[in-house]
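# An overview of the molecular structure
The primary structure of each chain is shown beneath.
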Amino acid sequence: DTGSGVTAFPCSQCTDKCGGGIHIDPPFQEGDSSSFRIVACDSCNKGKCYEQGDMCRLNGDYDEDSGWRGYECIDTAYIGGPHDAPLEEDGDLKEYDGSDIDPKHARARKLDLMFACQSQLSGLFVTQLADGILGMDHASSSLWNQMAEQGVVSRRSFSLCYGRQPIAHRSGSVAGAITLGGSETKLHKTRLVYASSKEVKGGSFGIHVRKIHMRTGHSGESARPTDSQASIITLGVDEETLNLGGVLIDSGSTDTYLNGKLAAEFVAVFHELTGREYNHEPIELTEDELDSLPVILIQLAGEERINPSKFINPDTVIGLAGIALDPDNPHDVILAIPPTHYMEWQPSEGNYIARIYINEPQRSVLGANAIMGHDVYFDLQHQRISIAESDCDYTKLVAGHGFVFEINEDETQEEEEEEEVEEEEHEEEAAKEGPIMEAGDTDDKIVPDDGEDDDFDEDDEHEQEDKIDVDIDAKKHSYEKGKGDKGKEKTSKTIHPAIEACDDWACRGTIAGAFVIVLLIGILVGQYCNQRKTHGAYHRPEDQVPSAMNDDDEVAVESKFSTFRDEPDDDDDNDDDGKNHKSANGNGTTSSSSELSPSNITNGKPINDMKLQPIKIV
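Throughout what follows, the structure given in this document is the object of discussion. (Residues numbered from 1 in each chain as written. Predicted model: local features only at pLDDT ≥ 70, side-chain atom pairs only at ≥ 80, totals over all residues. Heavy atoms only, no water.)

To continue, consider the overall build of the protein chain. A tally of helices and strands in the protein chain yields 15 helices and 25 strands. For the protein chain, buried positions account for 39% of its 618 residues. Considering only contacts in the protein chain between residues 6 or more positions apart, those separated by 24 or more positions represent 73%. Counting every atom, the protein chain has about 35600 Å² of accessible surface; 48% of that belongs to carbon and sulfur. (Helix = DSSP H or I, 4+ residues; strand = E, 2+ residues; numbered from the N terminus. Buried < 20%, exposed > 50% of the residue type's maximum accessible area, 1.4 Å probe, protein only. Contact = heavy atoms within 4.5 Å. Areas by Shrake-Rupley, 256 points an atom, 1.4 Å probe, with all protein chains shown as cover.)

The subject of this paragraph is the packing of aromatic side chains. Applying the stated rule across the entire model yields 13 aromatic pairs. Ring centres of Phe9 and Phe28 lie 5.9 Å apart, and the angle between their planes is 80°; on these two criteria the pair is classed as edge-to-face. Within this pair, whereas Phe9 is found in strand S1 (residues 8–10), its partner Phe28 is found in the loop between S1 and strand S2 (37–38), the two being separated by 19 residues in sequence. Take Phe9: its relative accessible area is 22%, and that puts it in the partly exposed class. Summarising the aromatic geometry, the rings of Trp144 and Phe158 are spaced 6.3 Å apart at their centres and angled 25° between planes, so their arrangement reads as stacked. One end of the pair, Trp144, is in helix H2 (residues 143–149); the other, Phe158, is in strand S7 (residues 157–162), and 14 residues separate them in sequence. (Phe/Tyr/Trp six-rings, centres within 6.5 Å; stacked < 30°, edge-to-face > 60°.)

Taken together, the five strands give an open sheet; going across it, the order is S8-S7-S22-S23-S9, and neighbouring strands pair in antiparallel fashion. In this open sheet, the two edge strands, each paired with only one partner strand, are strand S8 (176–180) and strand S9 (193–196). When the angles between neighbouring strand axes are averaged without regard to direction, this sheet yields 20°. For S7 and S8, the ladder comprises five bridges, and the chain directions are antiparallel. Opposite Tyr162, over in S8, you have Gly176 as the bridge partner. (Pairing = 2+ DSSP bridges. Axes fitted to C-alpha atoms, helices over the stretch in contact; angles between N-to-C directions.)

Attention now goes to the state of the cysteines. For the structure on display, the rule yields five disulfides. In this model Cys14 forms its disulfide with Cys18; the gap between the sulfur atoms is 1.6 Å. Around the S-S axis, the bridge from Cys14 to Cys18 shows a dihedral of about -85° and counts as left-handed. Taking relative accessible area as the criterion, Cys18 reaches 9% and is therefore assigned buried. (Disulfide = S-S within 2.5 Å.)

Taken as a whole and assessed by the stated rule, the structure comprises 12 salt bridges. One salt bridge in this structure joins Asp112 and Arg37, with 3.9 Å as the shortest N-O distance. In this pair, Asp112 is assigned in strand S6 (residues 111–122) and Arg37 in strand S2, connecting sequence segments 75 residues apart. Here the salt bridges do not stand alone but share partners, grouping Arg155, Asp379 and Arg384 into one network. (Salt bridge = Lys/Arg side-chain N within 4 Å of Asp/Glu carboxyl O.)

Take the environment of Lys201 next. Turning to its location among the elements, Lys201 is positioned in the loop between strand S10 (198–199) and strand S11 (205–207). Its relative accessible area of 86% is what places Lys201 among the exposed residues. Measuring from C-alpha to C-alpha, the distance between Lys201 and Gly246 comes to 9.6 Å, with 45 residues separating the pair along the chain.

Written out as structure tokens, the structure reads:
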């Protein structure tokens, strides 16, 4: 919550109306922790001394009539890692400098966290899925500030990335990702663009709104429309009115609240584009009708120094206003709020409700539904907020780089053994039902052919490389985990399925003998053909004869790849400054495979111009 400076969650003393059966997790049992301690009166941070118990009591009260009561305490904690089991080893923080996404390294960044043990809850703190609150404003007690003070992160910065999840469920939802000490560019679909920011009263993050626009529907969720013919109408509200009382980015507010002085113009433009009245009455919409509603574009004042120097042509950068939209401020930042974000789906009722409110008397608040689908980077060292469009899928990111969340080796080993048994049974059935494959035959197991067009689209180059990297890392992980203490690697995988299907060695010997006979026949036929060729029965130029065998009895298998390029696309959207992407802390790296990336496979030449590599016959 970027509007709060305290981290708090229910502890064992919270027994009445504490979210039982609703919260994702049960209350924290502090008595089970050997490192837990209550903050004494002489060390109170935000709390006030309660002399009877020598503790620091504090309350949290919020605008929507929600609140909690509790006391300050400290315990050793780490952020992230596997969801359902603790990490036992700390690891060496020096080994994990830079952009680190392995969940099993989370404990290396542990800290002595000061937080509040909640003993009473009210309002949304009882009924929401989340069991507590994570304070992330400018206060010294905020999580990022505590981590920076203890040297766990080197930069006073963090990123929040909220996924486009329409429905939350207690069994688990893909909520997004949080990055501490920087911004994880591997999550980004577009470049980071920079808006100026300042701390406002209360410690929240303030921004400056230059203009608000509405774009016609059916034009996508991005700041760049999918329909080039989409029209944009700018609200006729002056800049001073837009910023009356200040504008905050508050990740802890579910909805967005705009100053009431915008209401008349907002409603009028909405009606002009849709023919509908804008209100907060439940409304039934088809998927197409929902998509036809306007996209709200919030134009934020851009960082005056870095945007012009980093992006020479703002019209080519997704997330910048560009000359066409605002010739006077082309380097301003555009935050797109599509109807799928501001129209909240109510599954129990089967309808939608608009969740951008335009009745605030004092200030405006851009809440969680405004920043969904973006990685928002709060850089406190440089007093700026940066934004990049993203799916915010942390689980996909972790899996895509070969990492896993599971740490229970026994359960993982049992699952792998069950999968191996199922695979062996499947191979036996396939051997009984299908013909034995001769050495000269080819099928999908040797030359993959998915039936798709073999031409490679250069625009999809990075996506294809990512798929290759996923496969490599997944195989590597499977191989390493197969070396467990409970057994050696399965050598039976190198035996032909037809032989493996036999129950005794007599059967296997018969099949092996059959293979030898077939091989001898092949040799005799080859010699016969060679004699005919020698006597002039058939001849063609050597460079037109593809070699099928070499001296080591190896088969050359043709692969189908179209031409790849050594150099990446010169795309202004993704590389305006001509530099490779790195994480914002300067230590990030872009994952790639030096052995199997497409550009290394062909070295910039068509595959047909290259010598085919032989594959051994097993």
